[in-house]
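# Overview (structure and organization)
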Amino acid sequence: MTHDSAVTSLDRFHEWFRERADATDYRAEEAPLDQLEGWHTDPRTGNLVHRTGRFYTIEGLTTTVWDEDGDERGWAQPIIVQPEIGVLGILVKRFDGVPHLLMQAKMEPGNINTLQLSPTVQATRSNYTRVHQGNAVPYLEYFTDPRRGRPLADALQSEQGSWFLGKRNRNVIVETTDDVAVRDGFRWLSLADVHALLRMDNVVNMDTRSVLAAYPQPPAAERREEDSFRGALARSAAAPPGGTGLLSRLTAVKAARTLTRRLVPMNEVPGWRRVTDRIVHDDGRYFSILGVQVEAGDREVPRWSQPLLAPATRGVIAMVTRQVGGVLHLLLRARTEAGTFDVAELGPTVQCAPDNHRVSSVRPPFLDYVLAAPQDRVRFDAVHSEEGGRFYHAENRYLVIEADDDFPPGTPGGYLWVTLGDLNELVRHSHYLNVEARCLLTCLNALR
């Protein structure tokens with residue numbers, strides 16, 4: 001297909017997306033862990049491992065965190081161990097001067113609705129080195145050969161620290177002037193149209209949201225004088241980054257906290273047990289580990305099996321904002337999780353599954369404020385899926401809330417107010433913003 005015929009408007013997108021869903025048979029069915037082809041449970045440890053020793057493993061982890069005040073908390077859990085670094089890449093090309101992104105309609109076994117809009121390349125190292133002996137990954141050369149285009153963003157970024165141990169992927173955006181042959185399942189979409197799709201539930205996948213967080217943002221000078229949320233957001237984006245002062249505050253948190261963790265056999269993790277077909281927590285909270293058998297005719301391998309992490313309930317990912325002198329400020333929290341790569345990263349104001357705290361007398365800070373926000377203070381509200389290649393039907397409600405005058409004047413330790421300009425600078429680098437913050441940053445930039 002020529003590149004011109006593959007430029008798709010937003011009106012045409014939904015028809016094309018439905019056609020893609022109908023064009024290929026997709027199937028992902030739950031299966032007992034002991035019936036996953038290519039996977040086995042180590043009889044000594046209880047860990048789930050692939051016969052090649054590649055891809056990833058499900059192991060046990062014990063974690064202890066001492067915070068800035070010397071308070072200690074510790075726990076044990078299963079965790080995905082995948083030390084290899086994958087590639088998440090978006091190819092950009094200008095048509096009539098307008099940047100367009102080469103996106104794909106990609107099936108992942110854990111997607112709640114099968115197909116979602118994915119980056120040009122979304123591949124683990126095991127996949128693109130063809131451990132599975134499948135087909136080559138299309139367009140990979142644009143992200144591995146520096147001669148093929150101009151990099152617009154390129155950094156190693158973390159994945160979910162609650163579910164992965166130190167997992168990182170290369171998030172890269174490359175602009176090309178090549179006459180790119182567009183394969184089935186791919187289309188050029190404008191950045192504005194992708195931003196519009198972010199307002200729809202479960203359309204734009206997590207990897208796309210993560211990579212687009214680092215897309216260089218154009219100025220929004222025409223709205224800076226508006227007395228509105230968008231005007232305050234534009235002024236926030238134009239605000240000079242906090243630079244060394246902001247980095248010093250995050251570094252101080254990392255220096256003051258202690259994170260220790262140790263991999264342990266899965267069959268020695270307290271509070272978790274193997275039942276007939278999966279691994280579960282004793283009281284049904286948090287998540288389970290289940291198996292799926294998959295068929296997808298347009299993937300590099302048409303059939304496979306694998307374990308997935310399935311959250312018990314939907315989560316909430318929320319950013320509280322407020323205007324200070326007409327400039328929007330965003331409340332972030334320095335978060336330390338079991339798998340955090342570098343002790344702490346900046347995350348959203350709220351990041352949790354509320355049902356996990358239903359029996360606790362201590363609720364996460366600002367959770368109830370966010371959930372009770374009146375509709376006229378909600379600036380963004382959509383349900384988005386997390387990465388369907390490792391998580392099964394994992395959804396979070398993404399929210400941006402503009403605080404009213406009743407918002408508490410002080411903030412607990414570990415929280416800090418930043419501008420959109422700060423975030424757009426930090427996301428260019430590794431290990432500052434967690435994946436949840438990056439996804440919300442993409443949603444915020446879509447509001448400009």
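Check the entry above for the structure.
Residues numbered from 1 in each chain as written. Predicted model: local features only at pLDDT ≥ 70, side-chain atom pairs only at ≥ 80, totals over all residues. Heavy atoms only, no water.

Turning our eyes to something else, we now look at the overall build of the protein. Tallying secondary structure elements over the protein gives 10 helices and 24 strands in all. For the protein, whose C-alpha radius of gyration is 22 Å, the value lies close to the compact-globule estimate of 22 Å for 448 residues. With respect to the three principal axes, the spread of C-alpha positions in the protein is 65 × 60 × 40 Å. Every one of the 448 residues in the protein was classed for burial, and the buried ones make up 58%. For the protein, the share of sequence-separated contacts (at least 6 apart) that also reach a separation of at least 24 residues comes to 72%. Accessible surface for the protein amounts to roughly 18,800 Å². Of this, 47% is attributable to carbon and sulfur atoms. Looking at charge distribution, the protein has the averaged site of its 51 positive side-chain charges lying 3 Å from that of its 59 negative ones. (Helix = DSSP H or I, 4+ residues; strand = E, 2+ residues; numbered from the N terminus. Rg over C-alpha atoms; globule rule 2.2 N^0.38 Å. Buried < 20%, exposed > 50% of the residue type's maximum accessible area, 1.4 Å probe, protein only. Contact = heavy atoms within 4.5 Å. Areas by Shrake-Rupley, 256 points an atom, 1.4 Å probe, with all protein chains shown as cover. Lys, Arg positive; Asp, Glu negative; His and termini not counted. Charge placed at Lys NZ, Arg CZ, Asp CG, Glu CD.)

Once that is clear, we can look at unusual backbone geometry. A positive phi angle, close to 70°, is found at Tyr-286, a residue other than glycine. Among the structural elements, Tyr-286 can be located in the loop between strand 15 (279–281) and strand 16 (287–296). You can call Tyr-286 partly exposed: its relative accessible area is 33%. Here the phi dihedral of His-393 falls at roughly 50°; this positive angle occurs in a residue that is not glycine.

So, about the pairing of strand 22 (residues 378–385). Counting buried positions along strand 22 yields six of eight residues, so the element is predominantly enclosed. Sheet topology places strand 22 next to strand 23 (residues 395–402); seven bridges connect them, and they run antiparallel. Each residue of the ladder has a partner; that of Ala-382, found in strand 23, is Tyr-398. (Pairing = 2+ DSSP bridges.)

Counting 71 residues, the largest nonpolar core has Leu-101, Leu-330 and Leu-433 as its most contacted members. For this core, the element with the most residues is helix 10 (residues 435–446), which contributes eight residues. Apart from residues lying up to four places away in sequence, Leu-330 is in contact with Met-319, Val-320, Thr-321, Leu-416, Trp-417, Val-418, Thr-419, Leu-420, Leu-423 and Leu-444. In terms of nonpolar packing, the next biggest core, distinct from the first, is built from 22 residues, Trp-39, Leu-48, Phe-55 and Ala-76 among them. (Core = buried A, V, L, I, M, F, W, Y, C linked by side-chain atoms within 4.5 Å.)

With that out of the way, let us pick up the pattern of salt bridges. Overall, the coordinates contain 22 salt bridges when judged by the stated rule. A salt bridge links Arg-170 to Asp-154, with the shortest nitrogen-to-oxygen separation between them at 2.6 Å. Of this pair, Arg-170 sits in strand 11 (residues 168–175) while Asp-154 is found in strand 10 (residues 150–158), placing the two residues 16 residues apart along the sequence. Judged by relative accessible area, Asp-154 falls into the partly exposed class, the value being 38%. For the salt bridge of Lys-254 with Asp-342, the shortest nitrogen-to-oxygen distance reads 3.0 Å. Here Lys-254, found in helix 7 (residues 244–256), pairs with Asp-342, found in the loop between strand 19 (327–335) and strand 20 (345–347); they are 88 residues apart in sequence, far enough to count as distant. (Salt bridge = Lys/Arg side-chain N within 4 Å of Asp/Glu carboxyl O.)

Applying the stated criterion across every chain, the model contains 13 aromatic pairs. Aromatic pair Tyr-139 and Phe-186: ring centres 5.0 Å apart, planes at 70°, arrangement edge-to-face. A residue pair is termed long-range when its members are at least 10 positions apart, and Tyr-139 in the loop between helix 2 (125–128) and helix 3 (141–144) and Phe-186 in strand 12 (residues 186–190) qualify at 47 residues. Assessed through its relative accessible area of 6%, Tyr-139 is described here as buried. By relative accessible area, Phe-186 is classed as buried at 5%. Among the aromatic residues, ring-to-ring pairing joins Phe-366, Tyr-369, Phe-407, Tyr-415 and Trp-417 into one connected group. Taking the ring centre of Phe-95 as reference, the NZ or CZ of Lys-93 above it sits at 5.8 Å. Cation over ring: Arg-148 sits above Tyr-142, and NZ or CZ is 4.4 Å from the ring centre. (Phe/Tyr/Trp six-rings, centres within 6.5 Å; stacked < 30°, edge-to-face > 60°. Lys NZ or Arg CZ within 6 Å of the ring centre and 35° of its normal.)

Its location among the elements puts Asn-169 in strand 11. A distance of 2.8 Å separates the side chain of Asn-169 from the side chain of Lys-167, its partner in a polar contact. Dropping the residues within four chain positions of it, Asn-169 is found in contact with Ile-85, Gly-86, Val-87, Leu-88, Ala-155, Leu-156, Gln-157 and Glu-159. (Polar contact = N/O pair within 3.5 Å; in protein donor to acceptor, adjacent residues only side chain to side chain.)

Turning our eyes to something else, we now look at the environment of Leu-191. With respect to the helices and strands, Leu-191 occurs in helix 4 (residues 191–197). The exposure class of Leu-191 is buried, given its relative accessible area of 13%. Placed 18 residues apart in sequence, Leu-191 and Arg-209 show a C-alpha to C-alpha distance of 12 Å. Beyond its immediate stretch of four places on either side in the chain, Leu-191 contacts Pro-99, Leu-101, Leu-212 and Tyr-215.

Once that is clear, we can look at the state of the cysteines. Under the counting rule described, the total for this entry stands at zero disulfides. You can see Cys-439 has no disulfide; the closest cysteine sulfur is in Cys-443, sitting 7.1 Å from it. (Disulfide = S-S within 2.5 Å.)

Relative to the helices and strands, Asn-424 resides in helix 9 (residues 420–426). Under the relative-accessibility criterion, Asn-424 is labelled buried at 16%. A polar side-chain atom of Asn-424 sits 3.1 Å from a polar atom in the side chain of Asn-445. With residues near it in sequence (within four places) discarded, Asn-424 still touches Ala-213, Gln-217, Leu-441 and Asn-445.

What follows deals with helix 1 (residues 10–23). A turn of α-helix holds 3.6 residues, and therefore any two residues three or four places apart point the same way. Taking 1.5 Å per residue as the helical rise, helix 1 with its 14 residues ought to reach 20 Å, and the 20 Å between its terminal C-alpha atoms agrees with that figure. Buried within helix 1 are the following residues: Phe-13, Trp-16, Phe-17 and Arg-20. The buried residues of helix 1 occupy an angular sector of 105° when projected down its axis, which confines them to one face. Turned more than 90 degrees away from the buried face of helix 1 sit Asp-11, Arg-18 and Asp-22, all of them exposed. For helix 1, the elements touching its buried residues are strand 1 (26–31), strand 7 (98–107), strand 8 (115–118), strand 12 and helix 4. (Expected span 1.5 Å × (residues − 1). Arc of directions from axis to C-beta.)

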